[in-house]
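So the chains spell out like this:
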Amino acid sequence: MTKVPGVRGNRRTGALALAATIGFGVLTVGFGLLAVGCSAGTAVDRVNPLAADTTQPDIAVPMSAVTTDVVESGDEPLEQLGPRLPAAVQQRVVLQVGNETKLRIGDTEESNRSTVQLHIPLVATAAAGGVEVVVGDVTTDDENLRAAVGTLDGSHVRLNLSPAGAVTALGLQADTSQSSVARAALERAFYQAAYQSITFPDRPIGVGAVWTIDQQMSPGLPLNQRTTARLLARDGDLLTVAVDIAQSPRDRIWDLPGGTGALRVDDYTMTGHGQITVDLGLPLPVRGAVTVQGTQSYTAPSGGTTFYQAISNEIRWGT
């Protein structure tokens, strides 16, 4: 087999490893909003507060810091916004995640394409400093994942939130009965949502306000992500927010995980758009969808084979 300079191993193995690495990176920065949630007046349940099972995850992974900047304050009245979660309030909602990746190696017509859709029912409970989430019966149209995701029913996820709504840490409870493939898929789905959580600015804003949300991410290729948010409408605690997202690599040389080599980032064009409706009094979004898509290309610094990827990721909230 022909070896790819800068990527250790044979051409096929290196390509597949790269696809998995890049794919994971993009999935964890796909586009949804996970800071605040549902609303009365929608089909999503506002469950009566119960004695919630708040089993802590074994490991909570810190998320990178978020900064905000107000571009336009919007119309009066102005108010500083953020989650207002009554103790133990619960909510049922469904998170749907769709990811499509197409990889081409060099100038050949050959390509590897993968498409994964996950339908993840959730029960979220407000807890001190964040949200406890219990996962329901996860389903997928991917035959390779279908049996595995059946082991995820009852999984516990913890989201730590800042007063402004940023996800500051994410943890999943370890369960030895779960398939490692299914667990990885669930982790990717939550990271994908968490990295697009809405963080409200530390200044009062009103309808029409525009602010930026900046965050550095290292899910694979280290990235800068800027989300431009606009408050389109407000009815009490019910907010509709539009988002535009742009990602850019922090470096033009990507050192691959595990010391397996390096790649030059020749092109990276990833942008996202969408709209989400949230309720400040509930843990998770009510409804909406955000899609991020674009293309990427990488070459070993010493020259050689180029890897091309076209990626589209979508996350939806609803029932």
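Look up: the structure comes first, before these words.
Residues numbered from 1 in each chain as written. Predicted model: local features only at pLDDT ≥ 70, side-chain atom pairs only at ≥ 80, totals over all residues. Heavy atoms only, no water.

Peer 1: Quick question: what am I supposed to make of the overall build of the protein chain here?
Peer 2: When its secondary structure is counted, the protein chain shows 3 helices and 16 strands. The 319 residues of the protein chain split such that 49% are buried. When contacts within the protein chain are restricted to residue pairs at least 6 apart in sequence, long-range pairs at least 24 apart make up 69% of them. Carbon and sulfur atoms make up 50% of the accessible area of the protein chain, which totals about 13600 Å². (Helix = DSSP H or I, 4+ residues; strand = E, 2+ residues; numbered from the N terminus. Buried < 20%, exposed > 50% of the residue type's maximum accessible area, 1.4 Å probe, protein only. Contact = heavy atoms within 4.5 Å. Areas by Shrake-Rupley, 256 points an atom, 1.4 Å probe, with all protein chains shown as cover.)

Peer 1: What is the right way to look at the pattern of salt bridges in this model?
Peer 2: A pair can form between side chains of opposite charge whenever their charged atoms are brought close. On inspection of all chains with the given rule, the structure shows 9 salt bridges. R84 is paired through a salt bridge with D237; the nearest N and O atoms lie 2.8 Å apart. Here R84 is found in the loop between strand 3 (66-72) and strand 4 (90-105), whereas its partner D237 is found in the loop between strand 11 (223-235) and strand 12 (238-249), with 153 residues between them in sequence. Here R316 ties to E314 by a salt bridge, and the two come within 3.2 Å at their closest N and O atoms. The partly exposed category is assigned to E314, whose relative accessible area is 25%. Taken together, the shared-partner salt bridges connect E79, R84, R234 and D237 into one network. (Salt bridge = Lys/Arg side-chain N within 4 Å of Asp/Glu carboxyl O.)

Peer 1: How should the side chain of T227 be read in this particular structure?
Peer 2: With respect to the helices and strands, the residue T227 is situated in strand 11. Judged by relative accessible area, which is 7%, T227 ranks as buried. Once residues within four sequence positions are removed from consideration, T227 is found in contact with W211, T212, I213, V243, D244 and I245.

Peer 1: It is not clear to me how the pairing of strand 6 (residues 130-135) should be interpreted in this structure. Could you clarify?
Peer 2: The side chains of a regular strand alternate between both faces of the sheet. Counting buried positions over the 6 residues of strand 6 gives 5, a clear majority of the element. Summarising the sheet, strand 5 (residues 111-127) and strand 6 pair through 6 bridges and their orientation is antiparallel. Directly across from T125, in strand 6, lies its bridge partner E132. Hairpin remark: strand 5 followed by strand 6, antiparallel, with 2 residues in the connecting loop; positive phi at G129, about 80 degrees. One ladder, built from 5 bridges, connects strand 6 with strand 8 (residues 156-161); its direction is antiparallel. When the bridges of strand 8 are listed, V131 appears paired with L159. (Pairing = 2+ DSSP bridges.)

Peer 1: Would you mind going over the packing of aromatic side chains with me for this structure?
Peer 2: Aromatic ring pairs are described here by two measures, namely the spacing of the ring centres and the angle between the planes. One pass over the full model with this rule turns up 3 aromatic pairs. In this structure, R104 packs its charged tip against the face of Y308, placed 4.3 Å from the ring centre. (Phe/Tyr/Trp six-rings, centres within 6.5 Å; stacked < 30°, edge-to-face > 60°. Lys NZ or Arg CZ within 6 Å of the ring centre and 35° of its normal.)

Peer 1: Can you walk me through the nonpolar core in this structure?
Peer 2: One recurring pattern in soluble globular proteins: nonpolar side chains tend to sit buried together. Counting residues in hydrophobic clusters, the biggest one holds 67 residues, and the most contacted among them are I120, L122, W211 and W317. Among the elements that make up this core, the one with the highest residue count is helix 3 (residues 180-194) (8 residues). Beyond its immediate sequence surroundings of up to four residues, I120 is in contact with V93, V94, L95, V135, V138, L186 and A189. (Core = buried A, V, L, I, M, F, W, Y, C linked by side-chain atoms within 4.5 Å.)

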